[in-house]
Amino acid sequence: MDTLLLKNNIDDIRYAATLIRDGQVVGIPTETVYGLGADASNEEAVRMVFAAKGRPADNPLIVHLADFSDAVKYTSAIPELAHKLAERFCPGPLTMVMPKNERIPMVTSGGLDTVGIRVPSHPVMHSIIELSGCAVAAPSANTSGYPSPTSAEHVMRDMNGKIAAVVDGGQSEFGVESTVISFDGEDAVRILRPGAVTREMLLEVCGEVIIDPAILNEVGEGAKVASPGMKYKHYSPKADIIMVESSLADFAELVGDNYGDGVYALVFDGDEEGFPYRHLTYGADSSMQAHWLFQRLRELDDIGAEKVYVRAPSTDGVGLAVYNRLIRAAGFEVIRI
Ligand code: AMP
Ligand code: MG
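Keep in mind that this is a model prediction, so the values were computed, not measured. (Residues numbered from 1 in each chain as written. Chains lettered and ligands numbered in written order. Predicted model: local features only at pLDDT ≥ 70, side-chain atom pairs only at ≥ 80, totals over all residues. Heavy atoms only, no water.)

**Q** I tried to follow helix α7 (residues 248-257) on my own but got confused; where do I start?
**A** Two residues of an α-helix separated by three or four positions point the same way, owing to the 3.6 residues in each turn. Those residues of α7 not exposed but buried are Phe-251, Ala-252, Leu-254 and Val-255. Along the axis of α7, the buried residues cluster in a sector spanning 160°; they form a single face. Projecting away from the buried face of α7 at angles above 90 degrees are the exposed residues Ala-249, Glu-253 and Asp-257. Its buried side turned inward, α7 meets β12 (240-245), β13 (263-267), β15 (307-311) and β16 (334-336). (Buried < 20%, exposed > 50% of the residue type's maximum accessible area, 1.4 Å probe, protein only. Helix = DSSP H or I, 4+ residues; strand = E, 2+ residues; numbered from the N terminus. Arc of directions from axis to C-beta. Contact = heavy atoms within 4.5 Å.)

**Q** So what exactly am I meant to see when it comes to the sheet that holds strand β10 (residues 188-193) here?
**A** Strand pairing in a sheet relies on backbone hydrogen bonds. The paired strands run either parallel or antiparallel. Judged by pairing direction, the sheet is mixed, and its eleven strands sit side by side in the order β1-β8-β2-β3-β7-β4-β6-β5-β9-β10-β11 without closing on themselves. Taken across any chain shown, the strands that pair with only one partner, and hence form the sheet edges, are β1 (4-6) and β11 (208-211). In this fold helix α5 (residues 152-159) packs onto β1, β2 (26-28), β3 (35-39) and β8 (165-167), with an angle of close to 165° to the strand it touches most, β8. (Pairing = 2+ DSSP bridges. Axes fitted to C-alpha atoms, helices over the stretch in contact; angles between N-to-C directions.)

**Q** Is there a simple way to think about the site of ligand 1 in this case?
**A** Around ligand 1, the surrounding shell holds 18 residues, and the nearest of these are Thr-114, Ser-140, Arg-193, Ser-227 and Gly-229. Contacts to ligand 1 include Ser-140, whose side-chain N or O atom sits 3.0 Å from an oxygen atom. Here an oxygen atom of ligand 1 and a side-chain polar atom of Arg-193 are 3.0 Å apart. Within the complex, 96% of the 500 Å² of free accessible area of ligand 1 lies under protein. Broken down by secondary-structure element, the contributors of at least two residues to the shell around ligand 1 are β6 (114-118) and β10. No other element matches β6, which puts three residues into the shell around ligand 1. Its residues assigned to classes, the shell around ligand 1 shows ten nonpolar, six polar and two charged. (Near = heavy atom within 4 Å. Polar contact = N/O pair within 3.5 Å; in protein donor to acceptor, adjacent residues only side chain to side chain. Areas by Shrake-Rupley, 256 points an atom, 1.4 Å probe, with all protein chains shown as cover. Nonpolar A, V, L, I, M, F, W, Y, C, P; charged D, E, K, R; others polar.)

**Q** Hey, could you run me through the packing of aromatic side chains in this one?
**A** Each aromatic ring pair is described using two quantities: the centre-to-centre distance and the angle formed by the ring planes. Applying the stated criterion to the full structure yields five aromatic pairs. Pairing Phe-268 with Tyr-282 gives two aromatic rings, centres 5.8 Å apart and planes at 45°, and the pair type is tilted. Of this pair, Phe-268 sits in the loop between β13 and β14 (279-281) while Tyr-282 sits in the loop between β14 and α8 (286-302), and the two are 14 residues apart along the sequence. Taken individually, Phe-268 and Tyr-282 each receive the classification buried, so the pair is uniform in this respect. In this structure, Arg-278 is placed above the aromatic ring of Tyr-264, and the distance from its NZ or CZ to the ring centre is 5.3 Å. (Phe/Tyr/Trp six-rings, centres within 6.5 Å; stacked < 30°, edge-to-face > 60°. Lys NZ or Arg CZ within 6 Å of the ring centre and 35° of its normal.)

**Q** What exactly am I supposed to notice about the state of the cysteines here?
**A** A complete count under the given rule lists zero disulfides for this structure. Here Cys-90 is not disulfide-linked; the sulfur of Cys-206 is the nearest cysteine sulfur, at 12 Å. Of the residues examined, Cys-90 reaches a relative accessible area of 18% and is grouped as buried. We classify Cys-206 as buried; its relative accessible area is 5%. (Disulfide = S-S within 2.5 Å.)

**Q** I tried to follow the environment of Val-166 on my own but got confused; where do I start?
**A** Looking at where Val-166 falls in the secondary structure, it is placed in strand β8. On the accessibility criterion, Val-166 (0% relative accessible area) is buried. As a C-alpha pair, Val-166 and Thr-18 span 148 residues in sequence and 13 Å in three-dimensional space.

**Q** What is the right way to look at unusual backbone geometry in this model?
**A** Leaving glycine aside, a negative phi is the common case for residues, and trans is the common case for peptide bonds. Following Cys-90, the chain continues to Pro-91 via a peptide bond in cis, the omega torsion being 0°. By the element assignment, Pro-91 lies in the loop between α3 (80-89) and β5 (94-99). Notably, Tyr-235 is not glycine yet its phi reads approximately 60°, a positive angle. Inspection of the secondary structure assignment puts Tyr-235 in the loop between β11 and β12.

**Q** I keep staring at the packing of α8 against helix α9 (residues 319-329) and nothing clicks. Help me out?
**A** If you want to describe how two helices pack, look at the angle between their axes and the distance between the axes. Closest axis-to-axis distance for the α8/α9 pair is 8 Å, and the angle between their directions is 25°. As judged from the angle between their axes, α8 and α9 are roughly parallel. Between α8 and α9 lies a crossing whose hand is left-handed. Along the contact surface, α8 presents Ser-286, Gln-289, Ala-290, Leu-293, Phe-294 and Leu-297, while α9 presents Gly-319, Val-322, Arg-325, Leu-326 and Ala-329. In terms of residue class, the contact of α8 with α9 is built from seven nonpolar, three polar and one charged. (Parallel < 35°, antiparallel > 145°, perpendicular 65-115°, else oblique. Left-handed = near helix turned anticlockwise from the far one by under 90°.)

Take a look at the structure:
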């Protein structure tokens, strides 16, 4: 099967929605990264999503809705705090984990009795959900383990021949996946995966925001974790990634000492001046770093990088999401100078 490349126009969006309703899998642009969309209630379609990605069966899919008011159709209980958070952050890059009901099959929830619900703001994703009449299960549209896709071209590279179609909606705005939270008592939430909705933003609505230890620390494949995705190898290009926490001068010295064929650096915008080694840049601040990180990791593979020293981002605000993705891409290999 050749994968159809659809455009961002109403006829193509209608067609993509029809494909989803008919049990097919479609690559869809969202404001975070591209998703691999399927009817969340259709077990056969959801199995095709897992197969196309090569995703472990116990890693649950996030279910996307056109409006938060539809959450009652797929959950068995909605905390009061979820409504408050929805008022502030939906539509947007926030996923809330709540008890699921029988309309979400166990294949979709990875065997859990909970479901992550998100209301995307991207107009194409929103239209496809609405026109299909389905709750749309959509993990990131990459091959499992590889960096998430932030353009239709990335999706095509990973999924050509494996899914029905991809809708080209341009470059993803945020560039990292949604913030995933669960509820920890009446006024507290736990961040299971950091994203563009930051701890600081959640604190405007919640009394307490707990950062799950799995966000910054390594957990083994056998471990029991709140967010199953956290235990798998993630976001890794073919090149060996090494994260470096240091000043620019110490970073340059480290790269110089280890320089040779296939060695590259990934640095901040503004670091290039006087930096004499092969490099790419990934932004000057946390938002831009989130926007460019996955694109750059894929580019490093394209240009034949074998070993990449990366300047570690700040962990403030959206930086926590960038740091979380990078430390996994690096397989937790961090040099601190
Ligand atoms: P992706 O589909 O690639 O965006 O990854 C989805 C992430 O959300 C994974 O890390 C999952 O572990 C997490 N997630 C989705 N649903 C749940 C859930 N019901 N409980 C805990 N984590 C979830
Ligand atoms: Mg993913």
